[in-house]
Amino acid sequence: MFVNNYTFKIFTTVENLPKDWDVVAYDNIFLQTQYLNVLEKSAPVNMQCFFIGIFEKTKLIGIALAQYLNLNKLESFGERDKCLKTSVRNFVFKNFASHVLFLGNNMITGQNGYQFKKDISFDEIGKLLLLCSEEIISYFKKQKTKIHIVSFKDFYQDCANELKTNTFSTIYEFNTQPNMIFKIPSHWKTKEDYVAAFSKKYRDQYKRAHKKIEGITVRELSLEETIKHENRIYDLYYYVAKNAPFNTFFLAKNHFSTFKKQCGDRFKIIGYFKNEDLVGFHTILLNGNTLETYFLGYDEKVQKESMLYLNMLYTMTEFAIENNFGRIIFGRTALEIKSSIGAEPVMMSGFIYHTNSLVNKFLPKIFPKLEPTLAWQQRHPFK
């Protein structure tokens, strides 16, 4: 299929990707073959990934990622919120939206769905993404699977506005919870610089949190340690994941060790030990000038006693400062506590349509009623 001079090809294995794929993905690890291998080898059980090469004649000039999710394979959408609205939402997803196609990465927050090594218009980008989605829909149709929902995920507002005025003008735009991003001032070089910038209230919070975590050892895990503690790591992750307000997937049990094997020192697993027992962990990914926070887990009892989650946020922030990162992507959960350590909300948009034209017509009224509402207060911790 053509868009002006551009064609595309969809791949289902990393092994078959064009040899210059990583040249195009040079500054985003979430599109590089290292990470795509992680998806291929340890994707959630209800996910199938597609890797899209975009060509100008025979030259690879763009890449994109698509993910298919079968929500029928999920045991739970999340168990934190028990209410009528949640029950209705779960019923709707199971019966009318269980086969979902994402153009983008549903496992992370941020604009990580595509990249080009030359400038092309947003109109062309939109048309290419639409054509790719149509080809994947056709692929599943041949397998007797009907895609219900198609979502183009996570665009910063300037990109969303451009897409909305072009190809996506008739597709419903949605905004969910904001992405919490910490832009680190360039003059901060040490954690002391960070703490000194707090107002008294938040400096006291920092000191109180650090007092609470005394007796817990924090250290980075090697690949061997990650494999050794794999079952415990997964149990800690799963506890947090299933208590989230909404989930469309759960990671495979070998996900963290696979990630460590594939990405080495660019992927770090930080363990929290109490009397040599692993009671929590967090993960980070080094992505150019950006530190990406990834999945974490903790023992609920220790979390409450030791303010474990808050201390994890401080540890990630201090690592970013001391290693000269320009920003931290904290994602779109726990908004208030993340704002209390310095992250700020950045709105992102997605575009979504239902393949049933009647349902799609009413999507602007249906979708807001399915999205969990969240009231939160942004904190301003600095002087």
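Structure's up top.
So, a few notes on the structure that sits alongside this text. Given the structure is predicted, the values throughout are model-derived calculations rather than measurements.

### Re the sheet that holds strand β10 (residues 217-221)
Now for step 1: If you walk across this open sheet you meet the 7 strands as β10-β11-β12-β13-β14-β9-β15, and the pairing is mixed. Looking along the sheet, the strands with just one partner apiece sit at the ends: β10 and β15 (344-346). Each strand of the sheet is rotated relative to its neighbour by a mean of 30°, with strand direction disregarded.
Now for step 2: Packed on one face of the sheet, helix α12 (residues 308-322) meets β9 (179-183), β11 (267-274), β12 (277-287), β13 (290-298) and β14 (327-331) and runs near 155° to β13.

### Observations regarding the pattern of salt bridges
Now for step 1: Enumeration over the complete set of coordinates arrives at 15 salt bridges.
Now for step 2: Between Lys127 and Asp123 there is a salt bridge; the shortest N-O distance is 3.2 Å. With Lys127 and Asp123 both in helix α4 (residues 122-142) and 4 residues apart, the pair spans about one turn of that helix.
Now for step 3: Glu336 is the salt-bridge partner of Arg379, the closest N and O atoms lying 2.8 Å from each other. Here Arg379 is found in the segment after α15 (363-370), whereas its partner Glu336 is found in helix α13 (residues 335-340), with 43 residues between them in sequence.

### Thoughts on the environment of Val195
Now for step 1: Inspection of the secondary structure puts Val195 in helix α6 (residues 191-197).
Now for step 2: For Val195, a relative accessible area of 15% translates into the label buried.
Now for step 3: When the C-alpha positions of Val195 and Ile341 are compared, they lie 9.9 Å apart, and in sequence the two are 146 residues distant.
Now for step 4: For Val195, the contacting residues outside a window of four places in its chain are Arg203 and Tyr206.

### Thoughts on the packing of aromatic side chains
Now for step 1: Here the structure, examined in full by the defined rule, presents 40 aromatic pairs.
Now for step 2: Ring geometry for Tyr68 versus Phe140: centroids 4.3 Å apart, planes at 35°, classification tilted. Of this pair, Tyr68 sits in strand β4 (residues 59-70) while Phe140 is found in helix α4, placing the two residues 72 residues apart along the sequence. Residues Tyr68 and Phe140 agree in their burial class; the two are buried.
Now for step 3: Taken together, a centroid distance of 5.4 Å and an interplanar angle of 65° make the contact between Trp188 and Phe382 edge-to-face.

What counts, and where the lines are drawn
- Residues numbered from 1 in each chain as written.
- Predicted model: local features only at pLDDT ≥ 70, side-chain atom pairs only at ≥ 80, totals over all residues.
- Heavy atoms only, no water.
- Pairing = 2+ DSSP bridges.
- Helix = DSSP H or I, 4+ residues; strand = E, 2+ residues; numbered from the N terminus.
- Axes fitted to C-alpha atoms, helices over the stretch in contact; angles between N-to-C directions.
- Contact = heavy atoms within 4.5 Å.
- Salt bridge = Lys/Arg side-chain N within 4 Å of Asp/Glu carboxyl O.
- Buried < 20%, exposed > 50% of the residue type's maximum accessible area, 1.4 Å probe, protein only.
- Phe/Tyr/Trp six-rings, centres within 6.5 Å; stacked < 30°, edge-to-face > 60°.

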